[in-house]
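Here's the letter readout for the chains.
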Amino acid sequence: MGKFKETDAKTIRDILTTYNQIKVPMYQRNYSWKSGDTEPVTILWNDLYEKFDIQRKFSQGLALQKNENGEYLLGPMVIVADNAPNPVQIVDGQQRLATLTMIFCIARDVILELNYEKIKSDPEHWPAQLSELTDLIEKSDNDPETGLPVFTNWRLELNEEDKTIYRDLIQEYVSKTPGIHKFLDKPDDKYYKISKKVAWAEDETKGDSAELHTESEILIMKAYIKLYYNVLDALIVNFENNLDTEERKRDIDKK
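A brief look at the structure comes next. (Residues numbered from 1 in each chain as written. Predicted model: local features only at pLDDT ≥ 70, side-chain atom pairs only at ≥ 80, totals over all residues. Heavy atoms only, no water.)

Re the pattern of salt bridges
Let me state the cut-off plainly: Within this document, salt bridges are pairs made up of a side-chain nitrogen of Lys or Arg and a carboxyl oxygen of Asp or Glu, the two lying within 4 Å of each other. Throughout this description, buried means an accessible area under 20% of the type-specific maximum (1.4 Å probe, protein chains only), exposed means over 50%, and partly exposed covers the range between.
Scanning all chains against the criterion turns up 14 salt bridges. One salt bridge connects Asp109 with Arg108, and the closest N-O pair in it is separated by 2.7 Å. Under the relative-accessibility criterion, Arg108 is labelled buried at 0%. In this structure, Asp185 engages Lys193 in a salt bridge whose closest nitrogen and oxygen atoms are separated by 2.6 Å. Through salt bridges with shared partners, a single ionic network connects Arg13, Asp135 and Arg155.

Some details on the nonpolar core
Note the following rule: As used here, the term nonpolar core means buried Ala, Val, Leu, Ile, Met, Phe, Trp, Tyr and Cys residues forming a set that is joined through side-chain atoms within 4.5 Å. Note on contacts: a residue pair is in contact if any heavy atoms of the two residues lie within 4.5 Å.
Within the largest apolar cluster, 61 residues are counted, with the highest numbers of intra-cluster contacts made by Ile12, Ile22, Tyr31 and Met102. Setting aside its immediate chain neighbours within four residues, Ile22 contacts Ile15, Leu16, Ile79, Val88, Ile90, Leu97, Arg155, Leu156 and Glu157.

A few points about the pairing of strand E3 (residues 88-92)
For the record, the criterion: Two strands pair if DSSP finds at least two bridges between them. Here a helix means four or more residues in a row that DSSP labels H or I, a strand means two or more in a row labelled E, and each is numbered from the N terminus.
Examined bridge by bridge, strand E1 (residues 22-23) and E3 share two bridges and lie parallel to one another. Within the sheet, the bridge partner assigned to Ile22 lies in E3 and is Val88. Pairing of strand E2 (residues 78-80) with E3, which is carried by three bridges, proceeds in the antiparallel orientation. Residue Ile79 lies in a different strand from E3, and its bridge partner there is Ile90.

Re helix H7 (residues 194-204)
Stated precisely, the cut-off is as follows: As used here, the arc belongs to the directions running from the helix axis to the C-beta atoms.
For H7, the full list of buried residues reads Ile194, Lys197, Val198, Ala201 and Glu204. The buried residues of H7 occupy an angular sector of 125° when projected down its axis, which confines them to one face. Contacts from the buried residues of H7 go to helix H3 (94-114), helix H6 (163-171), helix H8 (207-210) and helix H9 (215-236).

Section: helix H5 (residues 128-137)
All of the buried residues in H5 are Leu130, Leu133, Thr134, Leu136 and Ile137. Within H5, the buried residues cover an arc of 155° as seen down the axis, which keeps them to one side. Residues of H5 that are buried sit in contact with helix H1 (12-18), H3, helix H4 (116-121), strand E4 (138-142) and strand E5 (149-154).

With respect to the environment of Ile119
Note on placement: Ile119 falls in helix H4. We classify Ile119 as buried; its relative accessible area is 5%. Along the sequence, Ile119 and Lys190 sit 71 residues apart, while their C-alpha atoms lie 9.9 Å from each other.

Written out as C-alpha cells, the structure reads:
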C-alpha cells in the first residue's frame, strides 16, 4: 500500500502542470486508440461533450439531477514521480492523456486560425483562452532579461516511436524557420494553420502514403482528424447537446 500512498484525485490541469514534463517510457505500448463511432476516441469525446453540457447548465443554475455538476472521472493514472518536478513517467493513462492533449492542441489551433488576421496585425491581441490552453500543452519559463515567457518543452512526450509525429503535427504550431512550410498559408506566416495540418494528415492516411507510417502513427493522425471535425461540429451548434443540434448538423452536412 505504501507504493500508492499518495494516490488522490487530481484535475487534468493539475496533472499536466505539476511536473516539468510527463514522458511515456520506451517500454510502454504505442498509441493504440481507434476513432470509429464505438471506439475509445469517440467515446471519450462524447462523454466530455455530454459533461460539458451538464457543467454549463449547472453554472447557469438550471435544474439538474442530484449531485450532477458536470464532473467527469477519467479513471486512474499511474505516474512515477521519483524526481518530481523533473520529467516523470506515466505508466498507466497515456492513451487518455495523449487524446486529451490532442483536444487541447486542436482547440488552441482553431482559436488561432479564427483570430489569425487580428493577431497578425496586432500581436497584443491574444485571446485569454490561448494562454490557458498553451499552459496545458507546453511549459515556458520567463526570460530573466525580457520577462517574457520562453518555450521550454512540451508537457507530454510520447514514446520514441510516436513522439515525432505527435510533436510535429499536433503540438507544434509556431513556424520556427522562415520560408514555405506545408502548414503555412504564406511564407511569412508565424503560426501553422490547423486546416492545412488536417488536410496533410488526411492525405498521409490514404494510399501509398499510409505505407510510410507505423500503425500507431496512423491511429494518431486518424484520432486528430476525427477530433478536429468533432470540434468544428460542436462550434457550429455552440456546444449544445440535444436532438435539435443533431438535426442542425445533419442539415449543414447535406449543404
